[in-house]
Amino acid sequence: MAKTFLQKLFGQRKANLDSSSLGFASIGHSSIEEHGKTPVTQPVVQKAQPAVKINSLFAFVDLKDPFAPGEIAGEELPGPILSLMSVKQFGSLFLFHTPHARENAAATTQEVARRYPECRVSVHELPVSDAKDYSALMGRVSRLVRDLTRPPYAGDNYVCVSSGTAEMRAIWFLITGLGILPAKLIQVGSPARPLFGSANVKDLQIDTSDWPTIRDLAMPAEYFGGHVRGHARAVPRKDSLPAVDIFAFDAAYLERLREGDPATQQHFATYFERFLRIKLRSRSLSADALENLRQESLARVFAELSRDARIRHPERFGAFVNSICNKVLLEQYQSASKHQPMADAAHEIEGSSLEEEEVFVFGEPSGGPASQLSEGTQIQSEPLTIPGLDEALQELGIFVGSAVLRHAAEQAGIAAGSHLPVLLMGETGTGKERFAHLIHRLSSRSDKPMVAINCAAIPESLAESYLFGHMKGAFSGAHGDQKGMFESAHRGTLFLDEIAELSLEVQAKLLRVIQDGAVQRLGSTVPRQVDVRLIAASNRELGKEVSSGRFREDLFFRLEVVQIRLPALRDRRSEIPELALALLRQINQRRHKPRQLTSEALLRLERYNWPGNVRQLSNVLERSVLYARGDGLHADDLLITDDEPPKDPFSTLPEPSPGFSVEDYLAHARKQLFLRALAACKGNQAEAAAMLGVSKQAVNKFVAGQSGNAS
């Protein structure tokens, strides 16, 4: 039996997506045109080998290639390209660079030849003066890559997406996503965290099923030889919403679709897949049923094209596709539910159809909610991906360099798997909020919001309304109903920082929410159920707060079921140098000229007590880098100030008790102050009087009294 068009289409798509090999021809001395000039650079290429499978790496040369300065003065670290080559073996290396990175390209080529003599290196200089000129870069690189994709060489291809400007990285994403260069993306560090070295190399997995739909918009005219060719042009609408119109095609495109142009039909099939995923994103359906639904709907659309007049009206095409899809959904549901009531299901599906002149917009139709099937016919949503502990720590920028902090992180990872409240204890600046984000990220609620609240910043009179919400007229200024933070965090995580700052009255209501799982807005008698994972934090010892009557004992025992104590920085002094280097690395990312720390500076950082913990260390490095006189930060360049609050002068006063006399205490204190002033001034009464702020006669009288007592 001959294959249908749809079988050929879907089989071809699968084959295209599975393709991951690339052939290379003997490059020889290729050249690049430069604005009307003769070729300026000849690539350095070794003699081509017979057909053999080899891995190939494509990369832009970065200013950090071949080596990047480390955070320690005099240290050099391997840049992006050498970092990648230390992990994977490549038989071919294709380097692309602009004139401003010419010296880096030459040095990288020499270092690769020294370390990996078996690797063929091909260097291509792009005659583009501006490294951020996306159009010029894309045109040059895409044409070069297209010329390089010829047999007989074949193997796995990798593209480095961690080097070059943001425009250069975007080019690799588009070229690979559009199928111009079938390759795997490989990363070492990122623009946000450029941590080079073999330990940071990883492959990127990106769903590229939608990339072909933007080929004509993404590629510049130079790639097509001076003219843009394509099948789809989005029709701008004056009243369009801030979204992407899935089926906003022009009349010429729809005409080619009606005539059965294969390329146009394949292009449309990709758009239709996205439409179907959005339409049924909240439902569950087996993979086989979903595939049948997709093929049947798409076949019906193609069959109806020649008979429906809306095909000639682009503004009505979205409604046309949606109506056909609804019919197929209803037919399949009726077939699977012959013995079940159909009224509700039919009403739900038919009621969600688009108006005749409405265009489907990415997310939902512009006039109402996306159409849905009834309960029981659901498309399975993608399973929630929860990272491992180390991956989550790196993602959140939490540095762990000691056994004691590692133990706390592992406790957080274990606690994340439960729904119990968590109490984070530790001094200010130890990273309690970071750990709250870690617990949320490792939990099954990570796809829902985490709401963070600083309880110390909430006015006491508004705390109850802020947390639990209020109804219109509940108090002066309540002009409408307002949900609180608990309702905002429904199905997610609520982080209450500095929870000891809440009043006892609010603490009592908070306890009720934890026990019952329901909140009651101010001015309402109706409880509202909430599903919230609670994480609380305090820099006070809550046990002492309970003893002093400032914190409810019952709430404390509710929260401390899972208690994680974060150690102070002075208790993990050995990790301070490495932590300082990690913080400096982040600071250097925002600077054109990076700074380095000397070994003497690291030693001073390690010896300091850090009363403000990690936050204080970060602040010291920030201002020290800002005011540094040179590239290297020496010990005396570190602007460490005493952040400890001044001591309370009344902290040593005695506690009043039965038999205590204020007059006797003040008389004794006055005597001691006079004696200390006279001792400091070596008996000079005039100087002592000036020091005490009294008259000379007062000091003279005091001395005479002392002499009289002695006699």
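Residues numbered from 1 in each chain as written. Predicted model: local features only at pLDDT ≥ 70, side-chain atom pairs only at ≥ 80, totals over all residues. Heavy atoms only, no water.

S.K.: Please give an account of helix H23 (residues 662-680) that cites residues and values.
M.R.: Across its 19 residues, H23 extends 27 Å between first and last C-alpha, which sits within 8% of the 27 Å expected from 1.5 Å per residue. One or two positions beyond H23, positive phi appears at Lys-682, with a value near 55 degrees. (Helix = DSSP H or I, 4+ residues; strand = E, 2+ residues; numbered from the N terminus. Expected span 1.5 Å × (residues − 1).)

S.K.: Explain the packing of helix H12 (residues 389-396) against helix H14 (residues 432-441) residue by residue, including any values.
M.R.: Put simply, H12 and H14 touch, their axes get as near as 10 Å, and they point 135 degrees apart. By the angle between their directions, the pair H12 and H14 is classed as oblique. By crossing handedness, the relation of H12 to H14 is classed as right-handed. Listed contacts from H14 to Leu-389, Ala-392, Leu-393, Glu-395 and Leu-396 of H12 are Arg-434, His-437, Leu-438 and Arg-441. Residues that form the contact of H12 with H14 fall into these classes: five nonpolar, one polar and three charged. (Axes fitted to C-alpha atoms, helices over the stretch in contact; angles between N-to-C directions. Parallel < 35°, antiparallel > 145°, perpendicular 65-115°, else oblique. Left-handed = near helix turned anticlockwise from the far one by under 90°. Contact = heavy atoms within 4.5 Å. Nonpolar A, V, L, I, M, F, W, Y, C, P; charged D, E, K, R; others polar.)

S.K.: Give me the lowdown on the sheet that holds strand E16 (residues 533-538), citing residues and values where you can.
M.R.: Pairing is parallel in the open sheet, where five strands are placed in the order E10-E13-E16-E9-E17. The outermost strands of the open sheet, each flanked by one partner alone, are strand E10 (450-454) and strand E17 (562-565). Put simply, the sheet's adjacent strands are angled 15 degrees from each other on average, direction ignored. In the sheet, strand E9 (residues 422-425) pairs with E17 via four bridges, with the strands oriented parallel. Across the sheet, residue Leu-424 finds its bridge partner in E17, namely Ile-564. Along the sheet face, H14 touches E9, E10, strand E13 (493-497), E16 and E17 and points at about 150 degrees away from the line of E9. (Pairing = 2+ DSSP bridges.)

S.K.: Explain the side chain of Glu-464 residue by residue, including any values.
M.R.: Its location among the elements puts Glu-464 in helix H15 (residues 463-468). Residue classification places Glu-464 among the buried positions, given a relative accessible area of 13%. Those residues in contact with Glu-464, other than ones at most four positions away along the chain, are Gly-469, Glu-505, Val-506, Lys-509 and Leu-522. (Buried < 20%, exposed > 50% of the residue type's maximum accessible area, 1.4 Å probe, protein only.)

S.K.: Account for the packing of aromatic side chains, naming residues and giving values.
M.R.: In the structure shown here, the tally under the stated rule is twelve aromatic pairs. Aromatic pair Phe-60 and Trp-172: ring centres 5.2 Å apart, planes at 50 degrees, arrangement tilted. Of the two residues, Phe-60 sits in strand E1 (residues 56-60) while Trp-172 sits in helix H5 (residues 166-177), which places them 112 residues apart along the sequence. Classification of Trp-172 as buried rests on a relative accessible area of 0%. Between Phe-90 and Tyr-158, the aromatic rings sit 5.7 Å apart at their centres with planes inclined by 80 degrees, giving edge-to-face as the arrangement. Separated by 68 residues along the polypeptide, Phe-90 in the loop between helix H2 (80-85) and strand E4 (92-97) and Tyr-158 in strand E6 (residues 157-160) bring together distant segments of the chain. Like Tyr-158, Phe-90 is buried. (Phe/Tyr/Trp six-rings, centres within 6.5 Å; stacked < 30°, edge-to-face > 60°.)

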